[in-house]
Amino acid sequence: MSVILECNGLTKKFGSTTAVSAVDLKIERGKIVGLLGPNGSGKTTIIKLANELLNPTGGNILINGKKPGIETKKIVSYLPEKSYLNDWMRVEQIIELFSDFYSDFKPEKAYNMLKSLNINANDRLKTMSKGTKEKVQLILVMSREAELYLLDEPIGGVDPAARDYILQTILSNYNENATVVISTHLISDIENILDYVVFINQGKIVLTSSVDDIRDEKGKSVDVLFREVFKC
Amino acid sequence: MPWELKPDRPIYTQLIEQIELMIFSGVYSLGSKLPSVRDMAQEAAVNPNTMQRALAKLEEDGLIITHRTSGRTITEDANMIEEAKTKMAERQILDFLEKMQLMGFKQKEILAIINDIAKGMKE
C-alpha cells in the first residue's frame, strides 16, 4: 500500500507554545482514519499544516510525497473547522464556484446529496441554520473525487440523523485509492467506520492502532479508551 | 435483519457472527449470492475493510465461496453449515455455563433449571 500522508518530525510552534511536537506519522491510501484528541491537542494544526495554511517550524509533512502546495491541493479535499464561504451566496452559486475551482468536483453528486438532506440549492447560506450550513460544506467537500479528504470536525454541529447520513456518504464514497482523515472528539459516532485511530495529546502522538485491535486487546471501545487515556 | 454492533468486542468478529446467523436462519440461502462488500459495509455502517476481513474469515471457514469474476456466494454444502451451526451453539452454551458457574450453580442445578424453563416454552 502506498502512503498518501506522511509526517517526519513535524513540529509547529506558536511563539513559546508548541502545538505539534516532532510528530512521525504515515497514513496509507484506502483508509478511513480518526485523528482523535481532546481540545487543543493539535488536531487542527496538523490538518492546517497539510493544507499549507501554516508552515512547519521543523520537520516536514508530505502528501503523495510532495510538500503542500498547488499540486497537493488538487488531490486534497479539505473541510475546515470554520466556514470560508460567502454568506450571501446561494448554494447553486457555490456549486458553480467549486466546479470552476476543482476539476474533480462532481456537481451532480452535490445536488443528489442536497436533495437527500432536503436542502434547497436556491437558498442563500445566510438564511440557513448553523447545522445546515455545515451540511452544505461537507456536501461540497465530499462531492470532489479527491485522493485525500481532510475533515476537521465534520459532524460536530449536525443532528444525529444527518450524522448517520454523512457517515453513509463517507462510506459510499469510499474507494481503494482515497483516504479519509476525520478529526473529531465524537468518537462513538464514528468508530465503526474507522480503519484505525491516531490518539494525539499536547501535540504528540500517544497511540496508533486499528479499532479492532483496541477492542481485541482491551475489551473496550475506542470511545471508552479515549475517556480513560484523556481523563481530566 | 438490522446489524447490531456492541462496543466491547472487535467489530469484525461480530460481523462474522451476524452473517453466520443470517446464513443459518435462511436470510441467505444455500448457494445464493451475497451483496458486494461495499453494499454490505454500507448497510452495516462499518468500514469496508472490516467487512472484507469478516468475509475473508468466513471464506476461510468454507461458508462463503469467492468466485473470481462474479462475487461471493454461500456454500451449497449443507453439512458445512450444520457444522458451523453446532460450533456456534457450543460457544453460546459455554458462555452461558461460565456465567452460571460464576453465579455459583452446580451442573445438576443448571440442568434442572434448563429443564424447567424448556417445559414452559412452546415448541
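Residues numbered from 1 in each chain as written. Chains lettered and ligands numbered in written order. Predicted model: local features only at pLDDT ≥ 70, side-chain atom pairs only at ≥ 80, totals over all residues.

Caption draft 1: Structural context of the overall build of chain B. Looking only at helices and strands, one finds 5 helices and 2 strands in chain B. Taken over the C-alpha trace, chain B has a radius of gyration of 17 Å; the compact-globule value for 123 residues is 14 Å, which it surpasses by more than 25%. When its C-alpha atoms are laid out on the principal axes, chain B stretches across 55 × 30 × 25 Å. Burial analysis of chain B (123 residues in total) assigns 21% to the buried set. (Helix = DSSP H or I, 4+ residues; strand = E, 2+ residues; numbered from the N terminus. Rg over C-alpha atoms; globule rule 2.2 N^0.38 Å. Buried ≥ 20, exposed ≤ 12 C-beta atoms within 10 Å, placed from the backbone.)

Caption draft 2: Representation of the interface of chain A and chain B. Facing the 18 residues of chain A at the interface are 15 residues of chain B. Where the side of chain A that touches chain B is concerned, the elements lending two or more residues are helix 6 (160-172) and helix 8 (211-218) of chain A. A breakdown of the residues in the side of chain A that touches chain B according to their chemical character gives 7 nonpolar, 5 polar and 6 charged. (Contact = placed C-beta atoms within 7 Å. Nonpolar A, V, L, I, M, F, W, Y, C, P; charged D, E, K, R; others polar.)

Caption draft 3: Structural view of the domain arrangement of chain B. All names here are of chain B. Annotation of chain B at the domain level lists domain 1 (11-76) and domain 2 (79-121). Between domain 1 and domain 2, the C-alpha centre-to-centre distance is 27 Å. The interface is formed by 7 residues belonging to domain 1 together with 5 residues belonging to domain 2. Here the side of domain 1 that touches domain 2 is composed, by residue class, of 3 nonpolar, 2 polar and 2 charged. (Domains from an automatic or database assignment.)

Caption draft 4: A look at the sheet that holds strand 6 (residues 148-152) of chain A. Residue and element names in this part refer to chain A. Strand order in the open sheet formed by 6 strands is 5-6-7-3-8-9, with mixed pairing between adjacent strands. At either margin of the open sheet sits one strand with a lone partner, and together these are strand 5 (76-79) and strand 9 (204-210). Mean inter-strand twist for the sheet, computed between neighbouring axes without regard to direction, equals 15°. Packing of helix 8 onto the sheet brings it into contact with strand 8 (196-201) and strand 9, and relative to strand 9 it is tilted by some 85°. (Pairing = 2+ DSSP bridges. Axes fitted to C-alpha atoms, helices over the stretch in contact; angles between N-to-C directions.)

Caption draft 5: Representation of the sheet that holds strand 2 (residues 17-28) of chain A. Residue and element names in this part refer to chain A. Overall, antiparallel pairing links the 3 strands, which are arranged 2-1-4 in an open sheet. The open sheet has two edge strands with one neighbour each: strand 2 and strand 4 (58-63). The mean inter-strand angle of the sheet, taken between neighbouring strand axes irrespective of direction, is 20°. As judged from the 5 bridges shared by strand 1 (residues 3-14) and strand 4, these two strands associate in the antiparallel manner. Bridge pairing in strand 4 places Glu-6 opposite Leu-62.

Caption draft 6: Seen up close, the packing of helix 2 (residues 37-44) of chain B against helix 3 (residues 48-60) of chain B. Residues and elements named next belong to chain B. One way to put it is that helix 2 packs onto helix 3 with a least axis distance of 9 Å and a crossing angle of 115°. With respect to helix 3, the element helix 2 is oriented roughly perpendicular. Pair helix 2 / helix 3 crosses with right-handed handedness. Of the residues in helix 3, those in contact with Val-37, Arg-38, Met-40, Ala-41 and Ala-44 of helix 2 are Pro-48, Met-51, Gln-52 and Leu-55. Considering only residue class, the contact of helix 2 with helix 3 consists of 7 nonpolar, 1 polar and 1 charged. (Parallel < 35°, antiparallel > 145°, perpendicular 65-115°, else oblique. Left-handed = near helix turned anticlockwise from the far one by under 90°.)

Caption draft 7: Examining unusual backbone geometry more closely. Residues and elements named next belong to chain A. With phi around 60°, Glu-52 is a residue other than glycine that occupies positive phi space. With respect to the secondary-structure elements, Glu-52 resides in the loop between helix 1 (43-50) and strand 4. A positive phi angle is found at Asn-118, which is not glycine, with a value near 55°. Judged by local crowding, Asn-118 falls into the exposed class, with 8 C-beta atoms found within 10 Å.

Caption draft 8: View of helix 1 of chain A. All names here are of chain A. Counting buried positions along helix 1 gives 8 out of 8 residues, so the element sits mostly inside the fold. Turning to helix 1, its buried residues number three or more, namely Lys-43, Thr-44, Thr-45, Ile-46, Ile-47, Lys-48, Leu-49 and Ala-50. Following helix 1 by one or two positions, Glu-52 adopts a phi angle in the positive range, close to 60°.

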